[in-house]
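Survey of secondary and tertiary structure
Residues per chain are reported as follows:
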Amino acid sequence: MAGIRVTKVDWQRSRNGAAHHTQEYPCPELVVRRGQSFSLTLELSRALDCEETLIFTVETGPRASEALHTKAVFQTSELERGEGWTAAREAQMENTLTVSLASPPSAVIGRYLLSIRLSSHRKHSNRRLGEFVLLFNPWCAEDDVFLASEEERQEYVLNDSGIIFRGVEKHIRAQGWNYGQFQEDILDICLSILDRSPGHQNNPATDVSCRHNPIYVTRVISAMVNSNNDRGVVQGQWQGKYGGGTSPLHWRGSVAILQKWLKGRYKPVKYGQCWVFAGVMCTVLRCLGIATRVVSNFNSAHDTDQNLSVDKYVDSFGRTLEDLTEDSMWNFHVWNESWFARQDLGPSYNGWQVLDATPQEESEGVFRCGPASVTAIREGDVHLAHDGPFVFAEVNADYITWLWHEDESRERVYSNTKKIGRCISTKAVGSDSRVDITDLYKYPEGSRKERQVYSKAVNRLFGVEASGRRTWIRRAGGHCLWRDDLLEPATKPSIAGKFKVLEPPMLGHDLRLALCLANLTSRAQRVRVNLSGATILYTRKPVAEILHESHAVRLGPQEEKRIPITISYSKYKEDLTEDKKILLAAMCLVTKGEKLLVEKDITLEDFITIKVLGPAMVGVAVTVEVTVVNPLIERVKDCALMAEGSGLLQEQLSIDVPTLEPQERASVQFDITPSKSGPRQLQVDLVSPHFPDIKGFVIVHVATAK
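What counts as what
- Residue numbering note: each chain is counted from 1, following its sequence as written.
- Local features in this predicted model are restricted to residues of pLDDT 70 or higher, and side-chain atom pairs are both shown and tallied only at a pLDDT of 80 or more, whereas totals for entire chains, interfaces and linings draw on every residue.
- Excluded from the side-chain calculations are hydrogens and water; all other atoms, namely the structure's heavy atoms, are used.
- UniProt positions are given in the numbering used here, feature names are shortened, and annotations may be inferred rather than shown by experiment.
- Only runs of H or I of at least four residues qualify as helices and only runs of E of at least two qualify as strands under DSSP, and these elements are numbered from the N terminus.
- For this analysis, residues touch if any pair of their heavy atoms sits within 4.5 Å.
- Within 3.5 Å is the distance limit for a polar contact, defined as a pair of N or O atoms, with the added protein rule that one can donate a hydrogen and the other accept it, and that residues adjacent in sequence qualify only through two side-chain atoms.
- Buried means the residue's accessible area, taken with a 1.4 Å probe over protein chains only, is under 20% of the maximum for its type, while exposed means over 50%, and partly exposed covers the values in between.
- Using protein atoms alone on a 1 Å grid, points that fit a 1.4 Å probe yet trap it form a cavity, whereas open point sets bounded by protein on both sides within 12 Å along at least five of seven lines form a pocket; residues with an atom within 4 Å of a point count as lining.
- Grid points are joined across faces, edges and corners, and a volume is the space filled by probe spheres set on the points.
- Classification used: nonpolar for Ala, Val, Leu, Ile, Met, Phe, Trp, Tyr, Cys and Pro, charged for Asp, Glu, Lys and Arg, polar for all others including Gly.
- Those domain boundaries reflect an automatic or database domain assignment.
- Summed over both partners, buried area is the accessible surface (1.4 Å probe) that two parts give up on being assembled.
- A carboxyl oxygen of Asp or Glu within 4 Å of a side-chain nitrogen of Lys or Arg is what we treat as a salt bridge.
- To count toward a patch, a residue needs a relative accessible area above 30% and no salt bridge. Like charges then connect within 9 Å, nonpolar side chains (Val, Leu, Ile, Met, Phe, Trp, Tyr) within 5 Å.
- Values of accessible area rely on a 1.4 Å probe in the Shrake-Rupley scheme; residue burial ignores everything except the protein chains shown.
- The charge count includes Lys and Arg as positive and Asp and Glu as negative, but it does not include His or the ends of the chains.
- The location of each charge is read from NZ of Lys, CZ of Arg, CG of Asp or CD of Glu.

An unreviewed UniProt entry lists the chain under the name protein-glutamine gamma-glutamyltransferase, from Pan paniscus. In its Catalytic activity (unreviewed entry) section, the UniProt entry covering the chain states "L-glutaminyl-[protein] + L-lysyl-[protein] = [protein]-L-lysyl-N(6)-5-L-glutamyl-[protein] + NH4(+)". We quote the UniProt Sequence similarities (unreviewed entry) comment for the chain here in full: "Belongs to the transglutaminase superfamily. Transglutaminase family."

Here we look at the environment of Ser296
Examined against the element boundaries, Ser296 turns out to sit in strand S14 (residues 292-302). For the pair Ser296 and Phe332, spaced 36 residues apart in the sequence, the C-alpha separation amounts to 6.5 Å. In contact with Ser296, not counting residues within four places along its chain, are Ile164, Phe165, His333, Val334, Cys423, Ile424 and Ser425. Within the structure, Ser296 has its side chain in polar contact with the backbone oxygen of Phe165 (distance 2.6 Å).

A word on helix H10 (residues 388-396)
H10 sits mainly inside the fold: 9 of its 9 residues count as buried. Considered for burial, the residues of H10 that qualify are Gly388, Pro389, Phe390, Val391, Phe392, Ala393, Glu394, Val395 and Asn396.

Remarks on unusual backbone geometry
Geometrically, the link from Lys270 to Tyr271 is a cis peptide bond, its omega value of 5 degrees lying close to zero. In this structure, Tyr271 sits in strand S13 (residues 269-272). Residues Ala385 and His386 are joined by a peptide bond in cis, for which omega reads -5 degrees. Tracing the backbone shows His386 in the loop between helix H9 (374-379) and H10. Backbone geometry at Asp387 places phi at a positive 65 degrees, although glycine is not the residue there. Structurally, Asp387 can be placed in the loop between H9 and H10. Even without being glycine, Glu408 reaches a positive phi, approximately 70 degrees.

Details of the UniProt feature "domain: Transglutaminase-like" (unreviewed entry) in the chain
Here, UniProt's "domain: Transglutaminase-like" (unreviewed entry) annotation points to residues 266-359. Split by type, residues 266-359 is 16% helix and 41% strand. Its first and last C-alpha atoms lie 18 Å apart.

A short note on the layout of surface pockets
There is about 730 Å³ of room inside the largest pocket. If you trace the largest pocket, you find 26 residues lining it, with Lys170, Asn416, Lys419, Val598 and Glu599 closest to the centre. Every element with two or more residues in the lining of the largest pocket is listed here: strand S27 (495-501) and strand S33 (595-603). With 6 residues, the single largest contributor to the lining of the largest pocket is S33. Tallied by class, the residues present in the lining of the largest pocket amount to 11 nonpolar, 5 polar and 10 charged. Viewed by domain, the lining of the largest pocket spans two of them, domain 3 (291-462) and domain 4 (495-603), each represented by three or more residues. The calculated volume of the second largest pocket comes to roughly 540 Å³.

Some thoughts on the domain arrangement of the chain
Each domain of the chain was delimited in the assignment, giving domain 1 (6-135), domain 2 (178-274 + 282-290), domain 3 (291-462), domain 4 (495-603) and domain 5 (608-703). Once you take the C-alpha centre of each, domain 4 and domain 5 turn out to be 37 Å apart. In this complex, domain 4 contributes 9 residues to the contact, which on the side of domain 5 involves 8 residues. Of the roughly 630 Å² buried between domain 4 and domain 5 on both sides combined, carbon and sulfur atoms contribute 58%. Interface area lost by domain 4 to domain 5 is led by Leu507, Tyr569 and Lys580, which between them contribute 59%. Residues Glu634 and Lys573 are paired through a salt bridge, measuring 3.5 Å at the closest nitrogen-oxygen approach. The tally of links from domain 4 across to domain 5 stands at 3 residue pairs in polar contact (both at pLDDT 80 or more). Class assignment of the residues belonging to the side of domain 4 that touches domain 5 gives a composition of 3 nonpolar, 3 polar and 3 charged.

Here we look at a positive patch on the surface
A grouping of Lys170, Lys498, Lys500 and Arg562 is seen on the molecular surface, where their side chains present a positively charged patch. Tracing the backbone shows Lys500 in strand S27. Lys500 sits in the partly exposed class, given a relative accessible area of 39%.

Observations regarding the pattern of salt bridges
Under the definition given, this model contains 42 salt bridges. A salt bridge links Asp398 to Lys418; the nearest nitrogen and oxygen atoms lie 2.3 Å apart. Of the two residues, Asp398 is situated in strand S21 (residues 398-404) and Lys418 in the loop between strand S22 (410-413) and strand S23 (422-427); the sequence distance between them amounts to 20 residues. With relative accessibility at 4%, the residue Asp398 sits in the buried group.

Thoughts on helix H6 (residues 214-224)
Judged by how many residues are buried, H6 sits mostly within the fold: 10 of 11 residues are covered. For H6, the full list of buried residues reads Pro214, Ile215, Val217, Thr218, Arg219, Val220, Ile221, Ser222, Ala223 and Met224.

Shown next as structure tokens:
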């Protein structure tokens, strides 16, 4: 019998890409999803005899083996698909044979080598056909990452841009983010992240064999997106100083970060904060085929000692005493959710899983968090893997304020203890609107069910019933608290207070507010009001004091009074961080010894509008007009617009802005030439050395060229 050779391989990229939803990947290799067949056409040196079969070998990772499920040997068959890898003849015309290959829905993901030999040529070595990449498959019902809704698959797997919500609870701001999972080199970089992990470096064969499991893969990515225990992707920085790197607020997406990591030979990229870690992890997991979204939690607890309490120590002006305060409440914190089954916990906990790459606390000796089932968090099942107590505290901890006296005694101060875990937000499917998903994480605040879940979590964590006997909880700082102290509120004072913003707080302008006090009793009262204000980071860490004053107020029976407050621009301009945030506090000391702390977080507003002047079509230039306002009452120069957008611009674009007179409004135009159709996100920032970046974005609907 004459020998046979494969003279040409057609990977049918167009057909397979459309069937597997992978046509957007620009890689030279074929990219397919597991649990689904793909076709390739082989040109042979002669036609196959009817009794001859082709034997295929697929292998991934070093020292691939069938025992580790990183190698499979299988042959063409007319039978129905089995449980492992299968091959079937689709069509044969003379010397041309089309075969259909399929992987099991639990196959290891990654880059595979495909080789072939003829069944009658046992002594001949395999002929290498080439490489292909296998990804998770949310379209496959048997895959652990299966997601039933096509609209959600389009959003959480295929959408290459999104929105991250930042700001404060009362003033939530949308920021565009370019995930760019289909950009050049990104898939290769995402696979490199897995290969650079300590688990792979220590035992590569075993590590690769675990990559069938989304629980394992997401936990590795959670650790590798930050650089704390390894040469991961992003280095965090929360001190407001970004020398030698890029400010977290200057990033507009993940692509530049991932490409810089690769070009820098895997040196961590400086710098990131929570939304940067979440944006990068969303890119990586969507790229690998796991449905993933970015979630923002407003008033997010960082409970370092896991006692379900954020204990804040303040002085008589309501200023945070940082040397005593170990816990913190961030204005917002951003993490990810990914959708997959929890084979380790049972079907009740399938669905959205919390993953957090921000390096806050160690999990099993490594800075990572999750996956933690959102259902488990809502039901108080904090004992389940992974990191349930930390995530539960982020959305459920009590916020407790202590007044620290000079004699080192402390006193509980009345404040809103139920302010943590508000407005948990994510981008809507198919639109730019914000969806509040707080009810996925917890039952309505104050409801009977919410209290039952809280008690259950306390019992899981401390082995006591929340309403049962008193139990000592030793804090890391050495203070001992009664468990009941964390559950019983401070005495409600006989006055009420709140800050009211009198004018929109604009960047570059004076701030005008009032503290509104109300006497809740039928008797006159005297109140000492100690006011303080500071510029802060989004973690609420104070940077510089900008207000410090006291007022003596007499309130008649049921009387309400306003204390006007003005903070001039000159007071805050030097110490305002790029977060553009200010924290005001009023410690109200009533004659009978009652104490009330009133706080207000303010984000300064700015202005930018972006318009596309005409219809956008693939391959046709269209003009974009950006209107900006100089927020300052002084002349500024050296401003620029920085524009970025997948499918709209090949690379980041910088456009000079003319000198701006005080509070001048100006328009700048530039052209873009879209390369991809569909809804595309264009981000444009006004960048200046004189004020924090002013960020904007617009969705451009690009039509296919006629």
